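# Results of the structural survey
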Amino acid sequence: MLTTERHQVILNSLKEKQSIKIQELVELTSASESTIRRDLTELEELQKLERVFGGARKIAPNEPEPSLSDKAAKHLREKQLVAQYAASLVKAGDALFLDAGTTTSQMIPFLKGKDVTVVTNGLSHLEALVENGITAYLTGGFIKSRTRALVGPQATQSLENYRFDKSFLGVNGIDLDNGFTTPDPEEAAVKRRACDLSRSCYVLADQSKYGNVSFAHIFGLSRSALIIDSLPEAAVDGIERHTTIKVVTR
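This section reports on the structure supplied with the text.

What counts and how
- Sequence order as written defines residue numbering, which begins from 1 separately in each chain.
- Selection of residues for local features in this predicted model requires a pLDDT of at least 70, selection of side-chain atom pairs for listing and counting requires 80 or more, and totals for whole chains, interfaces and linings are taken over all residues.
- Excluding hydrogens and water, the side-chain figures rest on all heavy atoms present in the structure.
- Working definition: helices are DSSP H or I runs of at least four residues, strands are E runs of at least two. Numbering for both runs from the N terminus.
- Multiplying 1.5 Å by the helix residue count minus one yields the expected span of that helix.
- In protein, a polar contact requires one atom able to donate a hydrogen and another able to accept it; more generally it is a pair of N or O atoms within 3.5 Å, and residues adjacent in sequence count only if both atoms are side-chain atoms.
- Should DSSP find at least two bridges between two strands, the strands are regarded as paired.
- Where helices are involved, their axes are fitted lines through C-alpha atoms of the stretch in contact, as for all axes, and angles between N-to-C directions lie from 0 to 180°.
- Only heavy atoms matter for contacts: two residues are in contact if any of them lie within 4.5 Å across the pair.
- Any residue under 20% of the maximum accessible area for its type is buried, any over 50% is exposed, and the rest in between are partly exposed; the area is computed with a 1.4 Å probe on protein chains only.

## As for helix α9 (residues 185–196)
It helps to recall that an α-helix has 3.6 residues per turn; residues three or four apart then point in one direction. If you check α9, its first and last C-alpha atoms are 16 Å apart, about what twelve residues at 1.5 Å a residue would give, namely 16 Å. For α9, the capping residue at the N-terminal end is D184, with a side-chain oxygen 2.8 Å from the backbone nitrogen of E186.

And the structure:
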């Protein structure tokens, strides 16, 4: 296969999905790994794709992170299913970190009456926590207007005052090679530190997050269990090689 033909195969593959592995391209083109790596380097130089560990991905468009209201309106039923299961893991007396986000916010009604303590960096969580009679603490930090999250050095430093039985985190991307990601490095730092300070760490997501890669790396898949709604069997098998996954179906 000629170089131009291989390049077209690579680009056509990336039109169909967010990322692709070198081994997949080897099988598609019958070329060697070294040839495919060279092809990917050339295409990256032409700004046709972005190299990642073990393969390549589409170049992410330079779009702003969706607002909290935009996120809240999408995949609501799936988020509620995931949140209800996550809340079922909570025991009376647990100290929890509840990350800012629309999936974690759906947990709050299911925590009512469980006698738990919640620390959160989500301003949007406060009203629901108070209405449901849940003891809550708010981190310090800079208010991020689009997501109503408290972030920055003050937010991460304030977490040092606590130790958690469980932390529940939201993400924007889940990828076998790139792990869990989010658009904002400061939000990533808060999530990462909260997980470090927890006995158990859970990422909550709907299936739209699978295969996406955002700008800021949080941590690898092995660092946290994943609770998600329906996924293709092949995707579940891939994630299970790295961490515990619970697929919550209707």
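Next comes the rest of the description.
## Considering the sheet that holds strand β9 (residues 164–170)
The parallel open sheet is built from seven strands, whose spatial order is β6-β5-β4-β9-β12-β14-β15. With partners counted over all chains shown, the strands left at the sheet margins are β6 (135–138) and β15 (245–248), one partner each. Adjacent strand axes in the sheet meet at a mean angle of 20°, parallel and antiparallel pairs treated alike. Relative to the sheet, helix α5 (residues 76–88) contacts β9, β12 (198–205), β14 (225–229) and β15, its axis offset from that of β14 by approximately 140°.

## Re the environment of D175
Positionally, D175 belongs in strand β10 (residues 173–175). The buried category is assigned to D175, whose relative accessible area is 6%. Sequence spacing of D175 and Y210 is 35 residues, and the spatial spacing of their C-alpha atoms is 6.3 Å. The residues touching D175, leaving out its near neighbours within four places in the chain, are S19, G211, N212, V213 and L221. At 3.0 Å, the side chain of D175 forms a polar contact with the backbone nitrogen of D177.

Nothing here speaks to function; it is all geometry.
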